[in-house]
Amino acid sequence: MLQRLRSASDRVMEAAAVMAMVAMLGCVMLGVITRALDDPLIWTDEMARLLLVWVAALGWMLATRRRGHIRILFLVDRLPDRWRRSAEAVIQLMMFLFGALLALRGLELVQRNADLEATSVPISIAWLYLPIVLCGITDALQAAGEIWIAATRSGPLPSADEGRVE
Amino acid sequence: MIALMTQIVVVWLAAIMVGFPLFAAMGLAAFAFTIFGGMSDSIVAQKIAQTANSFPLLAAPLFILMGNILNSAGITQRIFDFATAVVGWMRGGLCHANIIASVIFSGMSGSAVADAAGVGTIEIKAMKDEGYDAETAAAITAASATIGPIIPPSLPMVIYGVTADVSIGGLFLAGVVPGLLMAASLMAMVTVVARRRNLPRHKFPGIIGVWKAFLSAFWALMAPVVLFGGMMSGYFTATEAAAVAACYALFLGLVVYRDFDVRELPKIIVDTVETSGVVFALVMCAGALGWCMSISRVPQTLAPLIVDNISSPLMFLFVCNLILLAVGCFMEVLAAMLILIPILVPASIAYGIDPLHFGLMFVFNLILGTIHPPIGVVLFVTSKIAGISFEAMSRAVLPWLVPLLLTLVAITVWPPLTTALPHWVMGR
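Residues numbered from 1 in each chain as written. Chains lettered and ligands numbered in written order. Predicted model: local features only at pLDDT ≥ 70, side-chain atom pairs only at ≥ 80, totals over all residues. Heavy atoms only, no water.

Asker: Please set out the environment of Met182 of chain B residue by residue, giving values where relevant.
Answerer: Examined against the element boundaries, Met182 of chain B turns out to sit in helix α11 (residues 168–197). Distance in space between the C-alpha atoms of Met182 of chain B and Ala143 of chain B is 9.3 Å, their sequence separation being 39 residues. (Helix = DSSP H or I, 4+ residues; strand = E, 2+ residues; numbered from the N terminus.)

What follows is the structure, encoded as structure tokens:
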């Protein structure tokens, strides 16, 4: 059940990443073309920036899910297995704290900015802060999962797909 | 405030060394600063989001997208084949071709990671197939990928120009000669190594062979012309050039060469977004930490301290080189820029150093950080492509840092190498 939920959320993230990237590229090109035609649209820059925040956040979340963020592991990897597991648990506990803080403070920003509208597009500024909330939630949930694995699974810890400096 | 920031920086560096994800270490440091400094910590979440809400940064994912499309459409292969036809007859031919292909690719890409992941994939495979050991292939690829952000267009230069208020066009022009010098110094090193190791050479394909390779790669070779023409004539900005480059790559793959399978596009985009996400997580958290440093008056404290203790501008430049190379060991290029520009640029102005000269040096140093351990993002990418460990990769690249460091010394001591071209084209 949990596994199915995880893979469904990964697929949603990937689909959203494709849509955000295509929309962002489209916005920038629309800005270039309409300017060249001497009939510039005023909203393309702001919209492209908003979409960039989403692209960045979706990439952040995908990298978290695939253990893709950069870490320096050559010191930790030289520790005996038991110590390494303890170190990993402490690191992930701190990651959980970071994710939770980010999600909570992001949520505050979403609430505070819900009534504010962007300058050139009729959408709420809250859309700028919502991806930060999602990044925080993803980091916290991933960290909770990693702590569970470190505490319960025997054998080597799952290695990162990418991003580990070993 | 300064004392609090110092303690937090020490804990932050310790956290990085014990395996904490780099981006989260910066984010938590920023949270710690606001919480212990008695400020509202929601400012950290706001700064993290606002850092990405930047038009110049749009170029980052778009350059990576372009590199991935060019690779998937087989266009990087055409560029490499052309480079091989031109210089493959020299001893260690594929090493020379690797460097020349990177120079060509750097005219359309503005990121070292995009170069390493793009043309680097083809280069490493071709070199391994010809019997080169994986370490040598990966090391030359990593070293030549650093030319990408020095020869325009360049993402780090766009970010530097916006943050330090320096002409981006001027910075682009300032990078041309140093970029070519990097290529020349790497090729000189290849010549020495190739003779010593008796590396293989290709047969010269003749003028007709070179002409055929040129025609095969013609539209790809036109990319820098399209990008420069567009930027110089004012049709698009340096940032928008990345979007135009991505669309041009797509056009070449779908219409001109027809080697690109459009069904691959979603996977390419997801990979691009993930790679961008790794960079952006660092940049966004660095934006928050940079803000904390600026309100704790770190730049205002450190800049006069540097100026008071160093008398000559040249000595200041060498100290900056050391600081930037050291910081480049631990931070991603764009993240380091957001934190260090407010500290070092005011000091460079106090010494009367040309902003273009300082900007180019600043970017050059941090780019070198991408190919030396322990972080070395480009090393990480190339070691994955070559299928070797990060440690083996780090050892293999060390000799190739020598010619690049010599180029750095040259541009440090002789400013006209960077400033002559922009001053000649744009005036002072």
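Asker: Kindly report on a nonpolar patch on the surface, identifying the contributing residues and their values.
Answerer: All names here are of chain B. Taken together, the side chains of Trp219, Phe251, Leu254, Val255, Val256 and Val262 define a hydrophobic patch exposed on the protein surface, amounting to about 510 Å² of accessible area. Tallying contributions element by element places helix α14 (residues 238–256) first for the nonpolar patch, with four residues. Position of Leu254 relative to the elements: it lies in helix α14. (Patch = residues over 30% accessible without salt bridge, like charges linked within 9 Å, V, L, I, M, F, W, Y side chains within 5 Å. Areas by Shrake-Rupley, 256 points an atom, 1.4 Å probe, with all protein chains shown as cover. Salt bridge = Lys/Arg side-chain N within 4 Å of Asp/Glu carboxyl O.)

Asker: For helix α2 (residues 22–36) of chain B, give the residues involved together with the corresponding values.
Answerer: Residues and elements named next belong to chain B. Helix length check: α2, at 15 residues, gives a terminal C-alpha distance of 21 Å against a target of 21 Å (1.5 Å per residue), a fit within 8%. With 13 of 15 residues buried, α2 is to be regarded as a mostly interior element. At the C-terminal side of α2, Gly38 shows a positive phi close to 70°. (Expected span 1.5 Å × (residues − 1). Buried < 20%, exposed > 50% of the residue type's maximum accessible area, 1.4 Å probe, protein only.)

Asker: Lay out the environment of Met315 of chain B in plain terms, naming residues and giving numbers.
Answerer: Mapped onto the fold, Met315 of chain B is located in helix α17 (residues 313–330). Put simply, Met315 of chain B and Val86 of chain B are 229 residues apart on the chain and 41 Å apart in space, counted from C-alpha to C-alpha.

Asker: Please set out the packing of aromatic side chains residue by residue, giving values where relevant.
Answerer: In total, this model carries 13 aromatic pairs over all chains according to the counting rule given. Ring plane angle 80° and centroid distance 5.1 Å describe the contact between Trp60 of chain A and Phe23 of chain B, whose orientation is recorded as edge-to-face. Of the two residues, Trp60 of chain A is situated in helix α2 (residues 44–65) and Phe23 of chain B in helix α2; the pairing between them involves two chains. With respect to burial, Trp60 of chain A and Phe23 of chain B carry one shared label: buried. Put simply, the rings of Phe82, Trp211, Phe214, Phe218 and Trp219 of chain B touch in pairs and so form one group of aromatic residues. Across from the ring centre of Tyr257 of chain B, 3.8 Å away, lies the NZ or CZ of Arg78 of chain B, which sits over that ring. (Phe/Tyr/Trp six-rings, centres within 6.5 Å; stacked < 30°, edge-to-face > 60°. Lys NZ or Arg CZ within 6 Å of the ring centre and 35° of its normal.)

Asker: Lay out the packing of helix α3 (residues 81–113) of chain A against α2 of chain B in plain terms, naming residues and giving numbers.
Answerer: At a closest axis distance of 10 Å, the pairing of α3 of chain A and α2 of chain B adopts a crossing angle of 65°. Relative to α2 of chain B, α3 of chain A is oriented so that their crossing is left-handed. Contacts from Met94, Met95, Leu97, Phe98, Leu101, Leu102 and Arg105 of chain A in α3 of chain A reach Phe23, Ala24, Gly27, Leu28, Phe31 and Ile35 of chain B in α2 of chain B. Counted by class, the contact of α3 of chain A with α2 of chain B contains 11 nonpolar, one polar and one charged residues. (Axes fitted to C-alpha atoms, helices over the stretch in contact; angles between N-to-C directions. Left-handed = near helix turned anticlockwise from the far one by under 90°. Contact = heavy atoms within 4.5 Å. Nonpolar A, V, L, I, M, F, W, Y, C, P; charged D, E, K, R; others polar.)

Asker: Break down the interface of chain B and chain A for me, citing the residues and quoting the values.
Answerer: Between chain B and chain A, the residue contacts involve 58 residues of the former and 58 residues of the latter. Where chain B abuts chain A, roughly 5200 Å² becomes buried across the two surfaces, and 77% of that area is made up of carbon and sulfur atoms. It is Phe23, Val273 and Glu274 of chain B in chain B that bury the most area against chain A; as a group they hold 11% of the surface buried on that side. Counting the contacts that link chain B with chain A gives three salt bridges. In this structure, Arg66 of chain A engages Glu274 of chain B in a salt bridge whose closest nitrogen and oxygen atoms are separated by 2.6 Å. At the boundary of chain B with chain A, the tally comes to nine residue pairs in polar contact (both at pLDDT 80 or more). (Buried area = accessible area lost by both parts, 1.4 Å probe. Polar contact = N/O pair within 3.5 Å; in protein donor to acceptor, adjacent residues only side chain to side chain.)

Asker: Describe the side chain of Asp41 of chain B, listing the residues and the values that go with them.
Answerer: Tracing the sequence through the fold places Asp41 of chain B in the loop between α2 and α3 (42–52). Setting aside anything within four residues of it in sequence, one finds Asp41 of chain B in contact with Leu101 and Arg105 of chain A together with Phe31, Thr34 and Ile35 of chain B.

Asker: I'd love a proper account of the side chain of Asp115 of chain B, names of residues and values included.
Answerer: Structurally, Asp115 of chain B is set in helix α7 (residues 112–117). Apart from the residues within four sequence positions on either side, Asp115 of chain B is in contact with Ser102, Phe105, Ser106, Ser109, Gly120, Ala145 and Gly148 of chain B.

Asker: Can you lay out the packing of helix α4 (residues 59–72) of chain B against helix α15 (residues 265–295) of chain B for me, pointing to particular residues and giving the numbers?
Answerer: All names here are of chain B. Relative to each other, α4 and α15 sit at 140°, their axes nearing to 9 Å. One way to sum up the angle between α4 and α15 is to call them oblique. Considering the relative orientation of α4 and α15, their crossing is right-handed. Facing α4, whose interface residues are Ala60, Pro61, Ile64, Leu65, Asn68, Ile69 and Ser72, α15 presents Leu265, Ile268, Ile269, Thr272, Thr275, Ser276 and Phe280. (Parallel < 35°, antiparallel > 145°, perpendicular 65-115°, else oblique.)

Asker: Now, about the pattern of salt bridges: what can you tell me, with residues and values included?
Answerer: Taken as a whole and judged by the stated rule, the model has 14 salt bridges over all chains. Residues Glu88 of chain A and Arg71 of chain A are paired through a salt bridge, measuring 2.9 Å at the closest nitrogen-oxygen approach. Of this pair, Glu88 of chain A sits in helix α3 while Arg71 of chain A sits in strand β1 (residues 71–72), and the two are 17 residues apart along the sequence. Look at Glu88 of chain A and you get buried, because its relative accessible area is 11%. The exposure class assigned to Arg71 of chain A is buried, which follows from its relative accessible area of 8%. The residue Asp261 of chain B makes a salt bridge to Arg263 of chain B at a minimum N-O spacing of 3.1 Å. For Asp261 of chain B, a relative accessible area of 27% translates into the label partly exposed. A single network of salt bridges, built from pairs that share partners, joins Arg105, Glu108 and Arg112 of chain A together with Asp41 of chain B.

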